Amino acid sequence: MYTRLSYLGVTMVLWSRPRPYRRMMLCLWLLILALSVATLMDILFWDKLQTPPSSPRRLDQPVRSGPAEFEVILDSRDRAKPDPDFGLTPLSSLQEDQLLFVPLNQMRNSPFSPLSTERSREVISNAKRESAARVPRTPGYTGRPVRVQLDGLKSDMDESFLHKYGFNEVVSERIPLRRGLPENRDPACLEERFSESLPSATVVICFHDEAWSTLLRTVHSVLDTAPKEHLQEVLLVDDLSQHGHLKSVLSEYVSRLKGVRLIRSMRRLGVAGCRSLGAARAAGEVLVFMDSHCECHSGWLQPLLERVAQDRTRVVSPIIDIIDWQTFQYNATQWPHRGVFDWRLDFYWETLSLQKHQDSPVEPIQSPALAGTVLAIDRHFFQSVGGYDPGMLLWGAEHTEISIRVWSCGGSMEVIPCSRVAHLGHHHPHFLLPDQDVMQKNKIRIAEIWLEAYRKIYYRRDTLAHFIRQSESPNITERVTLKKSLGCRNFHWFLTNIYPELHVPQDRPSLSGELYNVGTGYCADYPRGQGQEGVAMSIAPCSGNGNQHCELNSFGEVRWGPFARLCFDALVEKVVLTPCLPNQPPPNKPQWRIIKLTGQVVYLPKQRCLEAVKDKGGDQTDMGDQHRGATQTGLFLRPCAHHPRQQWHFEQLVVP
Ligand SMILES: *[C@@H]1O[C@H](CO)[C@@H](O)[C@H](O)[C@H]1NC(C)=O
Ligand SMILES: *[C@@H]1O[C@H](CO)[C@@H](O)[C@H](O)[C@H]1NC(C)=O
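Residues numbered from 1 in each chain as written. Chains lettered and ligands numbered in written order. Predicted model: local features only at pLDDT ≥ 70, side-chain atom pairs only at ≥ 80, totals over all residues. Heavy atoms only, no water.

1. Structural notes on the state of the cysteines
Argument step 1. All told, the structure shown has six disulfides when counted by the stated rule.
Argument step 2. Across the disulfide, C523 is cross-linked to C542 (sulfur-sulfur distance 2.2 Å). Between C523 and C542 the disulfide shows an S-S torsion of about 90°. By sign, it is right-handed. Of the two residues, C523 is situated in strand β16 (residues 522-525) and C542 in the loop between β17 (538-541) and β18 (549-552); the sequence distance between them amounts to 19 residues.
Argument step 3. The structure places no disulfide on C294, whose sulfur is separated from the nearest cysteine sulfur, that of C296, by 6.7 Å.
Argument step 4. Judged by its relative accessible area of 5%, C296 falls in the buried class. (Disulfide = S-S within 2.5 Å. Helix = DSSP H or I, 4+ residues; strand = E, 2+ residues; numbered from the N terminus. Buried < 20%, exposed > 50% of the residue type's maximum accessible area, 1.4 Å probe, protein only.)

Given below as C-alpha cells:
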C-alpha cells in the first residue's frame, strides 16, 4: 500500500520540494488549466458544429426507439415515382474542394458499379488536381452532376482515411463495389437442399457515417447473393449520419436499386434503437440484422432461413469471416467455433476442438452468445422476446444482452457453418466509441437485469463499471418487468445449462483481486490480454481497472483473467498460464498457497516461492542475480526468502 501514490499524494510530495520546483509546478498547473479550458472550448464549439439544432442531445444520452421519435425522410419504395431528372438539392454546406463530380449519366447507365476500379482512381486524381488548382466551380456544371463527397481528401490520404473510418478506405475505393468471395464452404454444404417454402427475409442494415464503398458493397453483396424469392427487401436505416455522401447522393442511388429501401432517423439511436426501428418497418418474416461493412458469400441466406423456419425461436448466425482492414483481403475463419463472453462481459468467438465436431462439419453448433455482425431472427419472436434493449447506448454489448435474453426466455442460438458472411475488421475495435463509459453503461444494464448475484463477479473485474454504477442507477424497471412477464429463467440456469464452461470464481476476500508485489510495487499481469495459453506471466504497473484480477481458490489454483479458465503453472522456473484442470471431483492436489504472515506465495510441488523480477537498474544484486543470467521482467519461482519481491497481497479494488 505504502508505495502506491494517489494523485493527491504526488501533489503533496511535490509541493514540499524547494522553490524552483514550486515555480515549475505552478507553470505546469497553469498549463494544464489552460489546456483544460481549450479542450472545453473545443468541445462546446464541436457540439455546435456537429449537432443539428433539432437534436441537442449528446451522443451518449439514452436513446429510445418509438414511433413518435423518428421521422422518415426518404423511403424509395413509398415514393410515387422517382423524378426522372433527379432534381438535386445543392449540398451547400460542403466545401467545394472536397467534392467530387460524377456525371449522372455514368451512374444511370451502370447503377450497380458507379465507381469501378479505374473510375475511382480517375475520380480521386481529378479531385486532387482540381483542388490543387483551386478552380472555382460553377453551379451549372454540365450533365447535372451527382456530387459525391469524399471527406478529408488530402495528400496524406491513407492516414486520414484510416483515422476517419478505422480501415483503409482508399484501398476499398479501388475495389469494385461488386466482387465475389472465394468458395470456402465445406463440400458437404453444396449438397444441401432447402425447403421450397422458406420464409422471406428483410436484411436490416443500420449505418452511421459509414464509408460509401463499404456500405454500397454490403448492399450489392446482399442483392447479388440472396435469392430474389427469399429476399423481401434490404432495409437501410440511416442512424443520423453526418457525412455528405450519405445524404441525397445515397438517396438517389438507392432509389434506383430494386428491393432496397432507405429510412432515416432524425435522432441518434445507436445500434439497438436503429435495429428496432428497422424491425418495426420490416416486411419480411425473418429479420437479418447486418453490419454496414459486410460481404456475403454465395448461398449464405438459405441455411439461415431454413433453421429459423424449423424453429421460430431459434436465432442464428453465419460463420463470420474477416476482411482485412488494411488490404481488404478475405480471410476465412476457422470452424468449428461458437460465441461466448467472459466475466468482463466481452464477447469472443471461441474455436472449438476439431475432434468433437469432426463427424459433422455441416451441423450447426449451439452458441451461448452471438455477435451482432449478422443475426437472423424470426420477426415475431424478435418482438415477443422484447427486441433490442432500448436502454442500450450507441453500441457495445447489446448483442450479449439479447443473447442471454434469448436463451433465458425460451429461445436458442446457433452458428450455421454452411452460411458465411465476411465482416470488415476495424483497426481498433472501439474506434467509433466517443466515450469509454458507453460500453460500461451497457454492460451495467446486462449485469443489473440478468446477472443477479453473479453481477459482483463482473464488477470486480470492471471497476470503472462499479464506480459508474455507484454514481448512477440505470432505469431497468421495464426490462425487469419484461423478464418476469416472459417467465425467463435465471442466470444460474443459464450458466448450468447453456454455458457450463464459464467457470464461476470464488472471489474470496484477501485471496482475490490484483496480485500486488511489495518489492516492485507492480501487479501480476498477463502481457497479451485474453486467451492464449503457455505465455509467461509478467508484472506491470497496477491498472486498478480490474483486468489484472485473479484469485487463489480453495482448490489451490491461481486462476487468471476474465474467463477464469487459465491457471498459474510452472515451466522450469518461469510462471506461465495453462488451462486449468477440471477441479471437481476430487480436487487435484493444491498447487499454490499464500502464507498470510509473510506474504509468500508458495508453489507447493517444488516448495518454491513466487518472485517478481523487474528488468530495470542494478537493484537486484542482493538476491544473487549472477546465477540467473540476464534479468528479465516476469514472475519466477525462486528458493523462498524473506524479501519484498517475494511478498504479495491480493488487493480487492471494489466491494460490490
Ligand atoms: C489475413 O491473412 C493474411 C495472410 O494469411 C494475414 O497476413 C493477415 O493478417 C490476415 N488478416 C486478418 C485480419 O486476420
Ligand atoms: C423508469 O422508466 C419507467 C418506464 O420507462 C418510468 O415509468 C419510470 O418513471 C422510470 N423511473 C425513473 C426513476 O426514472
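So that's the structure; there's more coming.
2. Structural notes on the site of ligand 2
Argument step 1. In the neighbourhood of ligand 2, the contacting residues comprise N475, T477 and E478.
Argument step 2. At a separation of 2.4 Å, an oxygen atom of ligand 2 approaches a polar side-chain atom of N475.
Argument step 3. Side-chain polar atom of E478 to an oxygen atom of ligand 2: 2.7 Å apart, as the coordinates give it.
Argument step 4. Isolated, ligand 2 exposes 360 Å² of accessible area, and the fraction of that covered by the protein chains is 31%. (Near = heavy atom within 4 Å. Polar contact = N/O pair within 3.5 Å; in protein donor to acceptor, adjacent residues only side chain to side chain. Areas by Shrake-Rupley, 256 points an atom, 1.4 Å probe, with all protein chains shown as cover.)

3. Let's talk about the packing of aromatic side chains
Argument step 1. Overall, the coordinates contain 16 aromatic pairs when judged by the stated rule.
Argument step 2. Arranged with centres 5.6 Å apart and planes meeting at 65°, the rings of Y454 and F491 form a pair that is edge-to-face. Here Y454, found in the loop between α15 (436-451) and α16 (455-461), pairs with F491, found in helix α19 (residues 491-498); they are 37 residues apart in sequence, far enough to count as distant.
Argument step 3. Measuring from ring centre to ring centre gives 5.2 Å for Y458 and Y459, while their planes differ by 50°; the resulting arrangement is tilted. The residues Y458 and Y459 share a single accessibility class, namely buried.
Argument step 4. The aromatic ring of Y522 is capped on one face by K614, whose charged end is 4.3 Å from the ring centroid. (Phe/Tyr/Trp six-rings, centres within 6.5 Å; stacked < 30°, edge-to-face > 60°. Lys NZ or Arg CZ within 6 Å of the ring centre and 35° of its normal.)

4. A closer look at the pattern of salt bridges
Argument step 1. Per the counting criterion, the structure on display carries 27 salt bridges.
Argument step 2. Across the salt bridge formed by K443 and D346, the nearest N and O atoms sit 2.7 Å from each other. Placement of the pair is K443 in helix α15 and D346 in the loop between β10 (337-341) and β11 (347-351), with a sequence separation of 97 residues.
Argument step 3. By relative accessible area, K443 is classed as buried at 3%.
Argument step 4. K483 is paired through a salt bridge with E452; the nearest N and O atoms lie 2.8 Å apart. (Salt bridge = Lys/Arg side-chain N within 4 Å of Asp/Glu carboxyl O.)

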